[in-house]
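# Descriptive structure summary
Listed below, chain by chain, are the residues.
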Amino acid sequence: MTNVTDQDRVLIFDTTLRDGEQSPGATMTHDEKLEIAELLDEMGVDIIEAGFPIASEGDFKAVSEIAQRSKNSRICGLARANFADIDRCWEAVKHAGKSRIHTFIGTSPLHRAIPNLTQDEMADKIHETVSHARNLCENVQWSPMDATRTEWDYLCRVIEIAIKAGATTINIPDTVGYTAPVESADLIKRLIETVPGADEVIFATHCHNDLGMATANSLAAVAGGARQIECTINGLGERAGNTALEEVVMALRTRNDIMPWKTGIDTTKIMHISRRVATVSGFNVQFNKAIVGKNAFAHESGIHQDGMLKNRENFEIMRPEDIGLSGTSLPLGKHSGRAALRDKLETLGYEIGDNQLKDIFVRFKDLADRKKEVFDDDLIALMTLDDDEA
Ligand code: KIV
Ligand code: ZN
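Throughout what follows, the structure given in this document is the object of discussion.

The rules we used
- Residues numbered from 1 in each chain as written.
- Chains lettered and ligands numbered in written order.
- Predicted model: local features only at pLDDT ≥ 70, side-chain atom pairs only at ≥ 80, totals over all residues.
- Heavy atoms only, no water.
- Donors = N, O, S within 2.8 Å, 3.2 Å for Na, K, Ca; no water.
- Buried < 20%, exposed > 50% of the residue type's maximum accessible area, 1.4 Å probe, protein only.
- Core = buried A, V, L, I, M, F, W, Y, C linked by side-chain atoms within 4.5 Å.
- Helix = DSSP H or I, 4+ residues; strand = E, 2+ residues; numbered from the N terminus.
- Pairing = 2+ DSSP bridges.

## With respect to the coordination of the zinc ion (ligand 2)
Asp 19 (OD), His 206 (NE2) and His 208 (NE2) make up the full set of protein donors to the zinc ion (ligand 2), lying at 2.0 to 2.1 Å. Taken in chain order, the donor set of the zinc ion (ligand 2) reads D-x186-H-x1-H. With relative accessibility at 6%, the residue His 206 sits in the buried group.

Spelled out as C-alpha coordinates, the structure:
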(Lines give C-alpha, C1' and ligand atoms only; values in the text may rest on other atoms or scores of the structure.)
(Ligands and ions follow the chains in the order given, each with its own letter.)
Protein backbone atom coordinates (compact mmCIF):
# COMPACT_ATOMS: atom_id res chain seq x y z
CA MET A 1 0.00 0.00 0.00
CA THR A 2 2.01 3.02 1.18
CA ASN A 3 5.09 3.54 3.28
CA VAL A 4 3.36 5.16 6.26
CA THR A 5 4.90 3.21 9.12
CA ASP A 6 1.60 2.74 10.90
CA GLN A 7 -0.99 1.64 8.33
CA ASP A 8 -3.83 2.83 10.57
CA ARG A 9 -2.49 6.37 10.65
CA VAL A 10 -3.77 9.03 8.25
CA LEU A 11 -1.64 12.15 7.90
CA ILE A 12 -3.46 15.47 8.04
CA PHE A 13 -2.12 18.03 5.57
CA ASP A 14 -3.68 21.43 6.20
CA THR A 15 -3.75 23.95 3.36
CA THR A 16 -5.83 26.72 4.99
CA LEU A 17 -2.93 29.12 4.51
CA ARG A 18 -2.46 28.22 0.82
CA ASP A 19 -5.56 26.81 -0.92
CA GLY A 20 -7.83 28.30 1.78
CA GLU A 21 -6.33 31.74 1.41
CA GLN A 22 -6.87 31.49 -2.36
CA SER A 23 -10.63 32.04 -1.75
CA PRO A 24 -11.45 35.44 -3.16
CA GLY A 25 -11.56 37.82 -0.19
CA ALA A 26 -9.93 35.48 2.35
CA THR A 27 -6.53 37.15 2.43
CA MET A 28 -4.89 37.09 5.87
CA THR A 29 -2.23 39.38 7.28
CA HIS A 30 1.27 38.17 8.12
CA ASP A 31 0.55 38.04 11.86
CA GLU A 32 -2.76 36.26 11.32
CA LYS A 33 -0.99 33.59 9.25
CA LEU A 34 1.61 33.08 11.98
CA GLU A 35 -1.15 32.72 14.55
CA ILE A 36 -3.10 30.16 12.50
CA ALA A 37 0.08 28.19 11.75
CA GLU A 38 0.87 28.05 15.46
CA LEU A 39 -2.64 26.78 16.25
CA LEU A 40 -2.39 24.14 13.50
CA ASP A 41 0.97 23.01 14.85
CA GLU A 42 -0.40 22.82 18.41
CA MET A 43 -3.45 20.81 17.35
CA GLY A 44 -1.26 18.11 15.77
CA VAL A 45 -1.49 18.81 12.02
CA ASP A 46 1.20 16.68 10.39
CA ILE A 47 1.95 18.95 7.42
CA ILE A 48 1.11 22.65 7.10
CA GLU A 49 1.05 24.04 3.58
CA ALA A 50 2.00 27.56 4.61
CA GLY A 51 1.74 29.32 1.26
CA PHE A 52 3.00 29.76 -2.28
CA PRO A 53 6.38 31.44 -1.77
CA ILE A 54 6.86 32.77 -5.30
CA ALA A 55 3.38 34.33 -5.39
CA SER A 56 4.42 37.46 -3.48
CA GLU A 57 7.05 38.85 -1.16
CA GLY A 58 4.47 38.65 1.63
CA ASP A 59 3.80 34.95 1.02
CA PHE A 60 7.54 34.24 0.97
CA LYS A 61 8.06 36.00 4.31
CA ALA A 62 5.09 34.27 5.90
CA VAL A 63 6.21 30.80 4.80
CA SER A 64 9.82 31.49 5.94
CA GLU A 65 8.73 32.69 9.35
CA ILE A 66 6.26 29.85 9.83
CA ALA A 67 9.08 27.44 8.90
CA GLN A 68 11.41 29.00 11.46
CA ARG A 69 8.80 28.91 14.24
CA SER A 70 7.36 25.46 13.57
CA LYS A 71 7.63 22.99 16.44
CA ASN A 72 6.20 19.65 15.36
CA SER A 73 4.54 20.04 11.97
CA ARG A 74 6.32 19.63 8.65
CA ILE A 75 6.19 22.93 6.74
CA CYS A 76 5.40 22.81 3.05
CA GLY A 77 5.37 25.41 0.29
CA LEU A 78 3.78 25.21 -3.14
CA ALA A 79 5.72 25.55 -6.40
CA ARG A 80 4.74 25.28 -10.05
CA ALA A 81 6.75 23.00 -12.34
CA ASN A 82 9.70 25.32 -12.91
CA PHE A 83 13.07 25.79 -11.25
CA ALA A 84 12.45 29.41 -10.17
CA ASP A 85 9.31 28.45 -8.22
CA ILE A 86 10.99 25.41 -6.68
CA ASP A 87 14.12 27.35 -5.65
CA ARG A 88 12.04 30.11 -4.07
CA CYS A 89 9.94 27.54 -2.26
CA TRP A 90 13.03 25.81 -0.87
CA GLU A 91 14.47 29.15 0.30
CA ALA A 92 11.29 29.66 2.33
CA VAL A 93 10.80 26.19 3.81
CA LYS A 94 14.40 25.14 4.38
CA HIS A 95 14.53 26.66 7.88
CA ALA A 96 11.89 24.30 9.24
CA GLY A 97 12.87 21.33 11.38
CA LYS A 98 10.91 19.30 8.80
CA SER A 99 10.27 20.78 5.37
CA ARG A 100 8.55 19.79 2.14
CA ILE A 101 8.46 21.11 -1.42
CA HIS A 102 5.11 20.56 -3.12
CA THR A 103 5.30 20.91 -6.87
CA PHE A 104 2.46 20.41 -9.33
CA ILE A 105 1.36 20.63 -12.94
CA GLY A 106 -2.05 20.24 -14.59
CA THR A 107 -2.10 16.86 -16.36
CA SER A 108 -5.65 16.57 -17.75
CA PRO A 109 -6.19 17.32 -21.46
CA LEU A 110 -7.75 20.67 -20.54
CA HIS A 111 -4.89 21.63 -18.28
CA ARG A 112 -2.19 20.39 -20.67
CA ALA A 113 -3.57 22.81 -23.21
CA ILE A 114 -2.81 25.80 -20.96
CA PRO A 115 1.00 25.63 -21.38
CA ASN A 116 0.39 23.93 -24.74
CA LEU A 117 2.58 20.91 -23.99
CA THR A 118 2.40 17.48 -25.58
CA GLN A 119 2.18 14.46 -23.31
CA ASP A 120 5.89 13.75 -23.87
CA GLU A 121 6.97 17.32 -23.26
CA MET A 122 5.01 17.41 -20.02
CA ALA A 123 6.46 14.06 -18.93
CA ASP A 124 10.00 15.46 -19.40
CA LYS A 125 9.13 18.57 -17.46
CA ILE A 126 7.79 16.48 -14.58
CA HIS A 127 10.97 14.43 -14.49
CA GLU A 128 13.29 17.42 -14.43
CA THR A 129 11.31 19.52 -11.92
CA VAL A 130 10.68 16.71 -9.43
CA SER A 131 14.37 15.68 -9.67
CA HIS A 132 15.40 19.28 -9.06
CA ALA A 133 13.11 19.55 -6.01
CA ARG A 134 14.43 16.27 -4.64
CA ASN A 135 18.02 17.48 -4.98
CA LEU A 136 17.11 20.34 -2.66
CA CYS A 137 14.77 18.62 -0.19
CA GLU A 138 14.46 15.02 0.96
CA ASN A 139 10.68 15.35 1.21
CA VAL A 140 8.90 16.16 -2.06
CA GLN A 141 5.21 16.06 -2.87
CA TRP A 142 4.06 15.97 -6.47
CA SER A 143 0.52 16.65 -7.70
CA PRO A 144 -0.98 16.02 -11.14
CA MET A 145 -3.52 18.85 -10.98
CA ASP A 146 -6.97 17.81 -12.25
CA ALA A 147 -5.90 14.19 -11.78
CA THR A 148 -9.48 12.98 -11.69
CA ARG A 149 -10.03 14.20 -15.29
CA THR A 150 -6.66 12.92 -16.57
CA GLU A 151 -6.58 9.90 -18.93
CA TRP A 152 -5.86 6.73 -16.91
CA ASP A 153 -2.78 5.63 -18.89
CA TYR A 154 -1.22 9.06 -18.85
CA LEU A 155 -1.92 9.49 -15.13
CA CYS A 156 -0.15 6.19 -14.37
CA ARG A 157 2.75 7.17 -16.62
CA VAL A 158 3.37 10.59 -15.00
CA ILE A 159 3.01 9.26 -11.47
CA GLU A 160 5.62 6.61 -12.22
CA ILE A 161 7.94 9.32 -13.58
CA ALA A 162 7.45 11.47 -10.46
CA ILE A 163 8.16 8.53 -8.15
CA LYS A 164 11.32 7.63 -10.10
CA ALA A 165 12.42 11.29 -9.94
CA GLY A 166 12.20 11.18 -6.14
CA ALA A 167 8.71 12.26 -5.08
CA THR A 168 7.91 10.90 -1.63
CA THR A 169 4.21 11.80 -1.62
CA ILE A 170 1.88 11.58 -4.62
CA ASN A 171 -1.17 13.75 -4.21
CA ILE A 172 -4.26 13.08 -6.33
CA PRO A 173 -6.23 16.32 -6.61
CA ASP A 174 -9.89 16.40 -7.50
CA THR A 175 -9.30 19.99 -8.51
CA VAL A 176 -12.83 20.79 -9.65
CA GLY A 177 -14.76 18.58 -7.22
CA TYR A 178 -15.93 16.30 -10.03
CA THR A 179 -15.36 12.86 -8.52
CA ALA A 180 -17.92 10.71 -6.68
CA PRO A 181 -16.97 8.63 -3.61
CA VAL A 182 -16.98 5.23 -5.38
CA GLU A 183 -14.64 6.58 -8.05
CA SER A 184 -12.40 8.23 -5.48
CA ALA A 185 -11.79 4.96 -3.62
CA ASP A 186 -11.37 3.00 -6.82
CA LEU A 187 -8.93 5.48 -8.39
CA ILE A 188 -6.51 5.43 -5.46
CA LYS A 189 -6.76 1.66 -5.10
CA ARG A 190 -6.05 1.03 -8.78
CA LEU A 191 -3.18 3.53 -8.86
CA ILE A 192 -1.52 1.84 -5.89
CA GLU A 193 -1.99 -1.57 -7.51
CA THR A 194 -0.83 -0.45 -10.95
CA VAL A 195 1.94 2.14 -10.79
CA PRO A 196 5.43 0.66 -10.29
CA GLY A 197 6.95 2.03 -7.08
CA ALA A 198 3.57 3.08 -5.64
CA ASP A 199 4.24 1.08 -2.48
CA GLU A 200 7.29 3.27 -1.78
CA VAL A 201 5.35 6.52 -1.47
CA ILE A 202 2.39 7.96 0.39
CA PHE A 203 -0.74 8.63 -1.65
CA ALA A 204 -2.66 11.77 -0.70
CA THR A 205 -6.17 12.93 -1.52
CA HIS A 206 -7.01 16.59 -2.19
CA CYS A 207 -10.70 17.21 -2.79
CA HIS A 208 -12.73 20.27 -3.65
CA ASN A 209 -16.35 20.62 -2.66
CA ASP A 210 -18.09 21.80 -5.85
CA LEU A 211 -20.70 19.03 -5.57
CA GLY A 212 -20.63 18.86 -1.78
CA MET A 213 -18.72 15.56 -1.84
CA ALA A 214 -15.25 16.60 -0.66
CA THR A 215 -15.45 14.94 2.75
CA ALA A 216 -17.02 11.75 1.38
CA ASN A 217 -14.46 11.61 -1.42
CA SER A 218 -11.54 12.10 0.97
CA LEU A 219 -12.73 9.32 3.27
CA ALA A 220 -13.37 7.04 0.30
CA ALA A 221 -9.82 7.73 -0.92
CA VAL A 222 -8.50 6.63 2.47
CA ALA A 223 -10.52 3.42 2.16
CA GLY A 224 -8.80 2.99 -1.22
CA GLY A 225 -5.35 3.32 0.36
CA ALA A 226 -4.57 7.05 0.62
CA ARG A 227 -2.80 7.91 3.86
CA GLN A 228 -2.78 11.70 3.68
CA ILE A 229 -5.87 13.92 3.58
CA GLU A 230 -5.49 17.48 2.36
CA CYS A 231 -7.97 19.84 3.97
CA THR A 232 -8.66 23.27 5.41
CA ILE A 233 -10.25 24.62 8.56
CA ASN A 234 -13.98 25.30 7.99
CA GLY A 235 -13.53 23.94 4.44
CA LEU A 236 -12.15 27.32 3.37
CA GLY A 237 -11.00 27.30 -0.25
CA GLU A 238 -11.65 28.37 -3.81
CA ARG A 239 -15.27 28.25 -5.08
CA ALA A 240 -17.16 25.82 -2.80
CA GLY A 241 -14.01 25.18 -0.79
CA ASN A 242 -11.80 22.23 0.15
CA THR A 243 -12.41 19.22 2.35
CA ALA A 244 -13.05 20.49 5.89
CA LEU A 245 -10.44 19.30 8.38
CA GLU A 246 -12.93 19.13 11.25
CA GLU A 247 -15.28 16.92 9.22
CA VAL A 248 -12.77 14.24 8.18
CA VAL A 249 -11.13 14.19 11.60
CA MET A 250 -14.41 13.86 13.51
CA ALA A 251 -15.81 11.35 10.99
CA LEU A 252 -12.76 9.12 11.45
CA ARG A 253 -13.05 9.46 15.21
CA THR A 254 -16.82 8.96 15.47
CA ARG A 255 -17.10 6.11 12.95
CA ASN A 256 -13.87 4.36 13.78
CA ASP A 257 -15.93 1.14 13.84
CA ILE A 258 -16.14 1.18 10.05
CA MET A 259 -13.23 3.52 9.21
CA PRO A 260 -10.40 2.09 11.31
CA TRP A 261 -7.87 4.89 10.74
CA LYS A 262 -6.65 7.49 13.17
CA THR A 263 -5.23 10.99 12.94
CA GLY A 264 -2.91 12.79 15.35
CA ILE A 265 -5.30 15.73 15.84
CA ASP A 266 -6.20 17.02 19.29
CA THR A 267 -9.89 17.50 18.52
CA THR A 268 -10.52 19.69 21.56
CA LYS A 269 -8.71 22.48 19.71
CA ILE A 270 -11.10 22.40 16.73
CA MET A 271 -13.63 25.00 17.84
CA HIS A 272 -11.07 27.61 18.77
CA ILE A 273 -9.18 27.40 15.49
CA SER A 274 -12.45 27.34 13.55
CA ARG A 275 -13.49 30.63 15.16
CA ARG A 276 -10.07 32.21 14.59
CA VAL A 277 -10.03 31.21 10.91
CA ALA A 278 -13.56 32.58 10.47
CA THR A 279 -12.51 35.86 12.05
CA VAL A 280 -9.22 36.39 10.24
CA SER A 281 -10.52 35.26 6.83
CA GLY A 282 -13.80 37.14 7.18
CA PHE A 283 -15.67 33.96 6.10
CA ASN A 284 -18.43 33.29 8.61
CA VAL A 285 -19.30 29.67 9.27
CA GLN A 286 -22.84 28.76 8.23
CA PHE A 287 -25.08 27.97 11.23
CA ASN A 288 -25.78 24.39 10.13
CA LYS A 289 -22.18 23.56 9.11
CA ALA A 290 -21.19 20.07 10.31
CA ILE A 291 -19.11 20.02 13.51
CA VAL A 292 -18.37 23.76 13.87
CA GLY A 293 -21.65 25.47 12.91
CA LYS A 294 -23.47 27.41 15.66
CA ASN A 295 -26.33 24.87 15.52
CA ALA A 296 -24.22 21.70 15.27
CA PHE A 297 -24.78 20.95 18.96
CA ALA A 298 -27.98 22.96 19.51
CA HIS A 299 -31.45 21.45 19.94
CA GLU A 300 -34.57 23.63 19.92
CA SER A 301 -37.55 21.38 19.38
CA GLY A 302 -39.44 20.07 22.39
CA ILE A 303 -39.04 16.40 21.48
CA HIS A 304 -35.31 16.75 20.93
CA GLN A 305 -34.76 18.82 24.07
CA ASP A 306 -36.70 16.35 26.18
CA GLY A 307 -34.72 13.49 24.63
CA MET A 308 -31.44 15.29 25.26
CA LEU A 309 -32.29 15.97 28.89
CA LYS A 310 -32.99 12.26 29.39
CA ASN A 311 -29.91 11.02 27.54
CA ARG A 312 -27.75 13.15 25.25
CA GLU A 313 -26.96 10.16 23.07
CA ASN A 314 -30.56 10.32 21.88
CA PHE A 315 -29.64 13.16 19.54
CA GLU A 316 -25.87 13.57 19.69
CA ILE A 317 -23.34 11.28 18.03
CA MET A 318 -20.37 13.33 19.22
CA ARG A 319 -19.74 15.10 22.51
CA PRO A 320 -19.46 18.89 22.15
CA GLU A 321 -16.60 18.79 24.68
CA ASP A 322 -14.60 16.68 22.20
CA ILE A 323 -14.29 19.66 19.87
CA GLY A 324 -13.68 22.15 22.66
CA LEU A 325 -17.22 23.38 23.35
CA SER A 326 -18.39 23.67 26.95
CA GLY A 327 -21.53 21.67 26.27
CA THR A 328 -24.72 21.19 24.33
CA SER A 329 -26.96 24.18 23.84
CA LEU A 330 -30.72 23.96 24.23
CA PRO A 331 -31.89 27.33 22.89
CA LEU A 332 -35.46 28.15 23.82
CA GLY A 333 -37.82 29.01 21.00
CA LYS A 334 -41.36 28.34 19.86
CA HIS A 335 -40.60 24.65 19.28
CA SER A 336 -39.34 24.08 22.82
CA GLY A 337 -41.31 22.10 25.38
CA ARG A 338 -41.98 22.19 29.12
CA ALA A 339 -39.01 19.97 30.05
CA ALA A 340 -36.46 22.34 28.53
CA LEU A 341 -38.20 25.39 30.03
CA ARG A 342 -38.20 23.84 33.49
CA ASP A 343 -34.54 22.81 33.09
CA LYS A 344 -33.54 26.32 32.04
CA LEU A 345 -35.50 27.97 34.87
CA GLU A 346 -33.86 25.63 37.36
CA THR A 347 -30.41 26.55 36.01
CA LEU A 348 -31.37 30.18 36.52
CA GLY A 349 -32.18 29.41 40.15
CA TYR A 350 -36.00 29.16 40.05
CA GLU A 351 -37.79 26.28 41.71
CA ILE A 352 -41.26 26.02 40.26
CA GLY A 353 -44.17 23.75 40.82
CA ASP A 354 -46.23 22.16 38.06
CA ASN A 355 -48.98 24.79 38.20
CA GLN A 356 -46.58 27.70 37.96
CA LEU A 357 -44.76 25.97 35.10
CA LYS A 358 -48.06 25.59 33.26
CA ASP A 359 -48.73 29.29 33.60
CA ILE A 360 -45.22 30.41 32.68
CA PHE A 361 -45.20 28.03 29.73
CA VAL A 362 -48.24 29.79 28.19
CA ARG A 363 -46.54 33.17 28.50
CA PHE A 364 -43.27 31.73 27.25
CA LYS A 365 -44.98 30.36 24.10
CA ASP A 366 -46.63 33.70 23.51
CA LEU A 367 -43.25 35.43 23.71
CA ALA A 368 -41.53 32.75 21.59
CA ASP A 369 -44.09 33.30 18.84
CA ARG A 370 -42.89 36.90 18.62
CA LYS A 371 -39.14 36.28 19.08
CA LYS A 372 -36.75 33.91 17.26
CA GLU A 373 -35.05 32.92 20.50
CA VAL A 374 -36.01 33.45 24.13
CA PHE A 375 -32.96 34.41 26.19
CA ASP A 376 -32.21 34.13 29.90
CA ASP A 377 -33.10 37.78 30.48
CA ASP A 378 -36.51 37.23 28.85
CA LEU A 379 -37.21 34.35 31.22
CA ILE A 380 -36.09 36.36 34.22
CA ALA A 381 -38.49 39.13 33.13
CA LEU A 382 -41.32 36.59 32.78
CA MET A 383 -40.63 35.21 36.25
CA THR A 384 -40.45 38.68 37.80
CA LEU A 385 -43.78 39.56 36.23
CA ASP A 386 -45.22 36.33 37.55
CA ASP A 387 -44.00 37.10 41.11
CA ASP A 388 -45.45 40.63 40.91
CA GLU A 389 -48.82 39.28 39.88
CA ALA A 390 -48.86 36.58 42.53
O1 KIV B 1 -6.81 21.74 -6.37
C2 KIV B 1 -5.67 21.55 -6.80
O3 KIV B 1 -5.45 20.86 -7.81
C4 KIV B 1 -4.56 22.16 -6.07
C5 KIV B 1 -3.19 21.73 -6.49
C6 KIV B 1 -2.24 22.86 -6.49
C7 KIV B 1 -2.75 20.60 -5.63
O8 KIV B 1 -4.77 22.90 -5.14
ZN1 ZN C 1 -6.87 22.68 -4.42
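## Looking at the nonpolar core
With 86 residues, the main nonpolar core has Trp 142, Ile 159, Ile 170 and Phe 203 as its most contacted residues. Residues Leu 345, Phe 361, Leu 379 and Met 383 belong to the second largest nonpolar core, which totals 15 residues.

## Details of the pairing of strand S5 (residues 140–145)
Counting buried positions over the six residues of S5 gives five, a clear majority of the element. Where strand S4 (residues 99–106) lies against S5, six bridges are found, and the strand directions are parallel. Looking across to S5, one finds that Thr 103 is bridged to Trp 142. In the sheet, S5 pairs with strand S6 (residues 169–174) via two bridges, with the strands oriented parallel. In the sheet register, Gln 141 faces S6, and the bridge partner there is Thr 169.

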